[in-house]
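Architecture at a glance
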Amino acid sequence: MMNSNLAGLVRKAKAVLSGLSVGIEWEASSWDVGKWLPTIQTVHRNHKLVFGIGNVRSNRPFTPLPPIYSDFAKAIIVMIWSSRNLSFGRLSNYMRALRLLSDALSRRGTQNPCDIKLSDLEGLIASQQAKTITFVYLAGFASTVKAIASEMDYHGITNPPLDFIHPFRCEGHRRARASKSGQSVDGREEERKLPSMQAIAAYAKCTNDPIDDNERILLRACDLQIVLGNRINETLLIPKNCLVEETVKGSDGLPLRNPTTGDIVKRHGIRLYPEKGYKFMINWLPDQDVPIIQRAVKELADLCEPARKRAKWLETHPGKLWPYKSTDNISTSKLLTYFPGATRPALSRKLWSRGISPIKKGVRWAHQRDSMYKAGDIETTFAIDPKSLTPMTGPRGQTILCLSDCLAVKFEGQFSLNADWQNNLRPEIIKYHDIATALGGNKQRARLSIFERRGLKDRTADGKPCPFTINTHSARHWKNTLYDQGGMSDLQQTWAMHRKSVNQTRTYQHKTLTESTATHRNLLDLSFTEKIQFLKDSIKKGTIHGALTTTYNTLVINDPTTAEEFLRTHAVGIQITPWGICSNDFTLSPCPKYLQCFDNCKHYHRTMDPKEEERLRTFRTSMTRALGIMRGNAAGEAGGDKWIKMLEEKMANIDRALSIQLIQIQPTRSVPPFPNGIDKSKHPTPRRTVVD
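Residues numbered from 1 in each chain as written. Predicted model: local features only at pLDDT ≥ 70, side-chain atom pairs only at ≥ 80, totals over all residues. Heavy atoms only, no water.

So, on to a positive patch on the surface. Positive charge collects at one region of the surface, where Arg84, Arg90, Lys276, Lys279 and Lys500 lie side by side. Inspection of the secondary structure puts Arg84 in helix α2 (residues 67-84). By relative accessible area, Arg84 is classed as partly exposed at 44%. (Patch = residues over 30% accessible without salt bridge, like charges linked within 9 Å, V, L, I, M, F, W, Y side chains within 5 Å. Areas by Shrake-Rupley, 256 points an atom, 1.4 Å probe, with all protein chains shown as cover. Salt bridge = Lys/Arg side-chain N within 4 Å of Asp/Glu carboxyl O. Lys, Arg positive; Asp, Glu negative; His and termini not counted. Charge placed at Lys NZ, Arg CZ, Asp CG, Glu CD. Helix = DSSP H or I, 4+ residues; strand = E, 2+ residues; numbered from the N terminus. Buried < 20%, exposed > 50% of the residue type's maximum accessible area, 1.4 Å probe, protein only.)

Here is the structure:
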């Protein structure tokens, strides 16, 4: 039985769903969300949320969830969508977590959501960990569970509240993984995520010499993926009329001219839809990428035009497959024009396997003569799903991109090894597995990769031959690394790669140790005044990371004037001391313990400056001499033991600071010896006044 809070949650969710007018009935155990959520068709998928028990599929029979838990799950899905505006894929993850939570409740003999306990949520996380699933998946799953628990606490579903705490932190895991990887000085961080230079060189040989038109289509789609560095769905959903050319104008409004040739300067771009947000944008291209992109777009526009025309006819004739009536008779010769490459026996077997027989009954060897088939039988068997004609839909189901407007379109079975499988009745978007298979990244493939067709082999570390592979997403890592090496700031890279967070960009840069420490090594050679200006410039470029950089980049997007004022005020607060760097902002909190950084101060950071270590060792030697003198003369002196103890503690702290091996721990930035130390910028006790 529902309590009042759960009933209120369900009532509110029903009101939200009914207000959307998307044709979904609350009582249904399977929701078709095609008219509700943003969807893409680059992967074959039924866009349905299934409220069933166990490992369900939308096209298989399943057992619905118990009514009380089904209402709860539907309410959680609707309310999370209303606050976060998620896509179908993200909501499917929430539905999976809710289904697993239902299994956990059933093992305790209940299906009432009000009986959910914190131990149930922790048990879900533990069960996923036991399956040795990757850390990235575990972190995402925990975030999903955290969102469900927060929604339940907000509406007061359980008593007491769950107060679930996310058990994973991705950033710390990345640091730990990087420190254990044994990265060499010249090697790049997590180099396995980048395509090898040998694979790129082999790909260059392939892309400039296609074997046939089908391979040419795949190679040009791969060109777009590798050169642009997009997410794979962004590449596959590029519109046909995507090329943009614009004249560059100066501050006076007149076109700029090349000083060498005198030609008008133009910039080129490509229109696309970023996967995060589905908002139309233009990606401006570097000059060296323009010829490759123009060649790829031109050839895809020409080679995919037949499939595009077929898609256009289907869009203008909804519910039809071809211009024949269902009662018309179609000969085998006519059908062969729709199945190029097939022979009469192969076509007969194909139709027979689909349950389509010739009109004349009792014909035993129908494939030997020009048989006749009913057009209605074929139209019913090979009917087109209307959703496949709109590869991209937005919220409320509005069409963003039609199949006939896409650049990369093929016929069903066009790239199959079986020549008789191509079906020119059914156009579709080029799929992810087509590109992955061509690049050798699809292990369960039915055809050879572009490298295997030419006999090109890679070599393992011990010299054994192995196949070349290029992961489709590794091209994104590679492009981002090239942007970083070219001098683009973190913020510019974030915009160029269509991201929403600068923090994500840093995981795609793959620096070498030399590149990571270049900024800090340059800092050591400057004077104090030069260092302050250097810090300001580095924060603007994004080459120095930290809270100041993150805050500055956030302000730049929303209010550039405030960002510059923030930088002028706070960048000066970074202090360079004889012992290292002090991260305390003195403009906000002056330090009463000036130059006592090594005395267990949380703001103190060691750097890689050898002069800094030399000063610390010299200071320790002087302190050792002073301590020896004090021990010899402190006998009988009041308070002498306290002075000796204080110096001993300072020496222990200096030893701790000197014991840090910077290169092994974290070469890319300074290291705090006392992360849990005391904030020396604050007085341990409030100051007393005359009034006190």
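There is more to say, and it comes next.
Attention now goes to helix α11 (residues 305-316). Under the 1.5 Å per step criterion, the end-to-end length of α11 is 17 Å for 12 residues, consistent within 8% with the ideal 16 Å. Taken residue by residue, α11 has Ala307, Arg308, Arg310, Ala311 and Leu314 as its buried positions. Around the axis of α11, the buried residues are gathered within 160° of arc, so they sit on the same side. Where α11 is buried, its residues touch α10 (290-303), β11 (409-412) and β12 (423-429). (Expected span 1.5 Å × (residues − 1). Arc of directions from axis to C-beta. Contact = heavy atoms within 4.5 Å.)

Time to look at the confidence of the model for the chain. Chain-level pLDDT for the chain is 79 on average; 75% of the residues reach the 70-or-more range. Counting contacts from residues 171-182, a segment whose pLDDT is below 50, to residues more than four positions away or on other chains yields nine contacts. Ignoring residues within four places in sequence, the model shows residues 685-692, a span with pLDDT below 50, making one contact including any to other chains. (pLDDT = per-residue confidence, 0-100.)

Here we take up the sheet that holds strand β9 (residues 392-393). On the basis of which strands lie adjacent, the open sheet formed by three strands has the order β2-β9-β10 and antiparallel pairing. One side of each edge strand has no neighbouring strand; the edge strands of this open sheet are β2 (39-40) and β10 (399-401). (Pairing = 2+ DSSP bridges.)

Our next topic: the nonpolar core. Grouped together as the largest cluster of nonpolar side chains are 55 residues, with contacts concentrated most on Trp31, Trp36, Leu49, Ile77 and Leu98. Of the residues forming this core, the biggest block, 11 residues, is contributed by α2. Residues contacting Leu98, with those up to four places away along its chain left out, are Tyr69, Phe72, Ala73, Ile76, Ile77 and Ile148. (Core = buried A, V, L, I, M, F, W, Y, C linked by side-chain atoms within 4.5 Å.)

The residue Thr235 is located in helix α9 (residues 232-236) in this model. A relative accessible area of 4% means that Thr235 is categorised as buried. Those residues in contact with Thr235 that sit more than four places away from it in its chain are Ala221, Leu224, Gln225 and Asn230.

As a further point, take unusual backbone geometry. The linkage connecting Asn159 with the following residue, Pro160, adopts the cis geometry, with an omega of 5°. Position of Pro160 among the secondary structure elements: in the loop between α5 (135-155) and α6 (170-179). In this structure, Asp163 takes a positive phi of about 50° despite not being glycine. Position of Asp163 among the secondary structure elements: in the loop between α5 and α6.

Moving on to the packing of α10 against α11. Two quantities define a packed helix pair, namely the angle between the helix axes and the distance between the axes. For the pair α10 and α11, interaxial distance at closest approach is 5 Å and the crossing angle is 55°. Relative to α11, α10 is oriented oblique. Only Glu305, Pro306 and Arg308 of α11 make contact with α10, whose side of the interface consists of Leu300, Ala301, Asp302 and Leu303. Of the residues in the contact of α10 with α11, the class split is four nonpolar, no polar and three charged. (Axes fitted to C-alpha atoms, helices over the stretch in contact; angles between N-to-C directions. Parallel < 35°, antiparallel > 145°, perpendicular 65-115°, else oblique. Nonpolar A, V, L, I, M, F, W, Y, C, P; charged D, E, K, R; others polar.)

So, on to the environment of Lys511. Along the polypeptide, Lys511 turns up in the loop between α18 (502-506) and α19 (513-524). Note: C-alpha distance between Lys511 and Asp484 (27 residues apart in sequence) is 8.6 Å.

Close contact between helix α8 (residues 213-228) and α10 brings their axes to 9 Å; oriented N to C, the two are set at 145°. Of the two elements, α8 crosses α10, and the hand of that crossing is left-handed. Residues Asp213, Arg216, Ile217, Arg220, Ala221, Asp223, Leu224, Val227 and Leu228 of α8 form the contact with α10, whose own contacting residues are Ile292, Ile293, Arg295, Ala296, Val297, Glu299, Leu300 and Leu303. Partitioned by chemical class, the residues of the contact of α8 with α10 number 11 nonpolar, no polar and six charged. (Left-handed = near helix turned anticlockwise from the far one by under 90°.)

Attention now goes to the packing of aromatic side chains. Counted under the stated rule, the structure contains 10 aromatic pairs. Taking 4.9 Å as the distance between ring centres and 65° as the angle between the ring planes, the aromatic pair formed by Trp31 and Phe51 counts as edge-to-face. You can see Trp31 sitting in strand β1 (residues 30-32) and its partner Phe51 sitting in the loop between β3 (48-50) and α2, a full 20 residues away along the chain. In textbook terms, an aromatic cluster arises when at least three aromatic residues are bridged by ring pairs, as seen for Trp26, Trp31, Trp36, Phe51 and Trp81. In this arrangement the basic side chain of Lys74 is found over the ring face of Phe51, its NZ or CZ atom lying 5.4 Å from the centre. Positioned over the ring face of Trp284 is Arg267, at 3.7 Å from the centre of the ring. (Phe/Tyr/Trp six-rings, centres within 6.5 Å; stacked < 30°, edge-to-face > 60°. Lys NZ or Arg CZ within 6 Å of the ring centre and 35° of its normal.)

Before going further, it helps to examine the pairing of β12. Judged by how many residues are buried, β12 sits mostly within the fold: six of seven residues are covered. Examined bridge by bridge, β11 and β12 share four bridges and lie antiparallel to one another. Along β12, the bridge assignment pairs Val409 with Ile429.

Okay, the sheet that holds strand β5 (residues 266-272) next. Within the open sheet, the three strands sit side by side as β4-β5-β6. Their pairing is antiparallel. Looking at which strands have only one partner, the edges of the open sheet turn out to be β4 (243-247) and β6 (281-284). Adjacent strand axes in the sheet meet at a mean angle of 40°, parallel and antiparallel pairs treated alike. Across four bridges, β5 lies against β6 in antiparallel orientation. Of the residues in β6, the one forming a bridge with Arg271 is Ile282. Against the sheet, α10 contacts β4 and β5, and its axis sits at roughly 45° relative to β5.

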